[in-house]
Amino acid sequence: MTVIKRIQCTYSSILRAKIYFFLKKSLWIYLISIVLLAYVIPIASSGIFLSSLIYFSFLLVILIPLYHFSAKIIAGKNNLDADIEFNEQSIIIRHRNKTAIEIKEWTWIKKLDITSHGIFLVADTPNRFLISFNKDGLSEEELQFFEKKKDHI
């Protein structure tokens, strides 16, 4: 079985990756930090819970514009446009905007996460790199391929 899909580094794909990493990794760290901050420095006449909500809201007010602008900047600089082929043995990346072909082993994928909305493949690179597909855009055979591969990663 072979799955071939096009991947592009666009504003929406970068923002989706940022949100994915925030929800999977950073959210718990932020929540614990905010509860500790609210415990140490509670807002006057508010309890720890209300102080935590206020601090978390303030954090979101800062993070949302940061994610928006950083995704715009990265999308402007990065010009990834490639067809990626997933087969049983390897992952082949054929770049459309340059004459380059990369062949990666499945060990390049350090995590394969299947959710109700999509499939997320986290690549083992120094910079966080996420390949994501909406489940709506995949056939039943392609979904089964990734589910089978998830058991081996």
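Residues numbered from 1 in each chain as written. Predicted model: local features only at pLDDT ≥ 70, side-chain atom pairs only at ≥ 80, totals over all residues. Heavy atoms only, no water.

1. Observations regarding a positive patch on the surface
Inference 1: Residues K25, K110, K111, R128 and K150 make up a contiguous surface patch of positive charge.
Inference 2: Topologically, K110 is positioned in strand β5 (residues 109-114). (Patch = residues over 30% accessible without salt bridge, like charges linked within 9 Å, V, L, I, M, F, W, Y side chains within 5 Å. Areas by Shrake-Rupley, 256 points an atom, 1.4 Å probe, with all protein chains shown as cover. Salt bridge = Lys/Arg side-chain N within 4 Å of Asp/Glu carboxyl O. Lys, Arg positive; Asp, Glu negative; His and termini not counted. Charge placed at Lys NZ, Arg CZ, Asp CG, Glu CD. Helix = DSSP H or I, 4+ residues; strand = E, 2+ residues; numbered from the N terminus.)

2. Some details on the sheet that holds strand β2 (residues 81-86)
Inference 1: In space, the 4 strands of this open sheet follow the order β1-β2-β3-β4, with antiparallel pairing throughout. Of all strands in the sheet, those with a lone pairing partner are β1 (3-8) and β4 (101-105), marking the two edges. Each strand axis lies, on average, 20° off the axis of its neighbour in the sheet, ignoring direction.
Inference 2: Alignment of β1 against β2, held across 6 bridges, turns out to be antiparallel. Each residue of the ladder has a partner; that of V3, found in β2, is F86. (Pairing = 2+ DSSP bridges. Axes fitted to C-alpha atoms, helices over the stretch in contact; angles between N-to-C directions.)

3. Examining the nonpolar core
Inference 1: Of all hydrophobic cores here, the largest spans 25 residues; its most connected members are F86, W106, L121, F133 and F146.
Inference 2: Those elements that place two or more of their residues in this core are β1, β2, β3 (90-95), β5, β6 (118-123), β7 (129-134) and α3 (140-150).
Inference 3: Listed in part, the 7 residues of the second largest apolar core include L27, I34, L59 and L63. (Core = buried A, V, L, I, M, F, W, Y, C linked by side-chain atoms within 4.5 Å. Buried < 20%, exposed > 50% of the residue type's maximum accessible area, 1.4 Å probe, protein only.)

4. Quick notes on the packing of helix α1 (residues 11-40) against helix α2 (residues 48-77)
Inference 1: Running from amino to carboxyl end, α1 crosses α2 at an angle of 155°, the nearest separation of the two axes being 10 Å. In this view, α1 runs roughly antiparallel relative to α2, as classed from their interaxial angle. Between α1 and α2 lies a crossing of right-handed hand.
Inference 2: When its residues are assigned to classes, the contact of α1 with α2 shows 22 nonpolar, 4 polar and 2 charged. (Parallel < 35°, antiparallel > 145°, perpendicular 65-115°, else oblique. Left-handed = near helix turned anticlockwise from the far one by under 90°. Nonpolar A, V, L, I, M, F, W, Y, C, P; charged D, E, K, R; others polar.)

5. Overview of the pattern of salt bridges
Think of it this way: side chains of opposite charge can pair up when their charged atoms draw near.
Inference 1: Within this structure, the stated rule accounts for 8 salt bridges.
Inference 2: A salt bridge links R6 to D81; the nearest nitrogen and oxygen atoms lie 2.7 Å apart. Taken together, the positions of R6 in strand β1 and D81 in strand β2 put the pair 75 residues apart, joining distant regions of the chain.
Inference 3: On the accessibility criterion, D81 (15% relative accessible area) is buried.
Inference 4: One salt bridge in this structure joins K104 and E102, with 3.3 Å as the shortest N-O distance.
Inference 5: Given the relative accessible area of 29%, E102 is considered partly exposed.
Inference 6: One salt-bridge network, held together by shared partners, links E88, K148 and K149.

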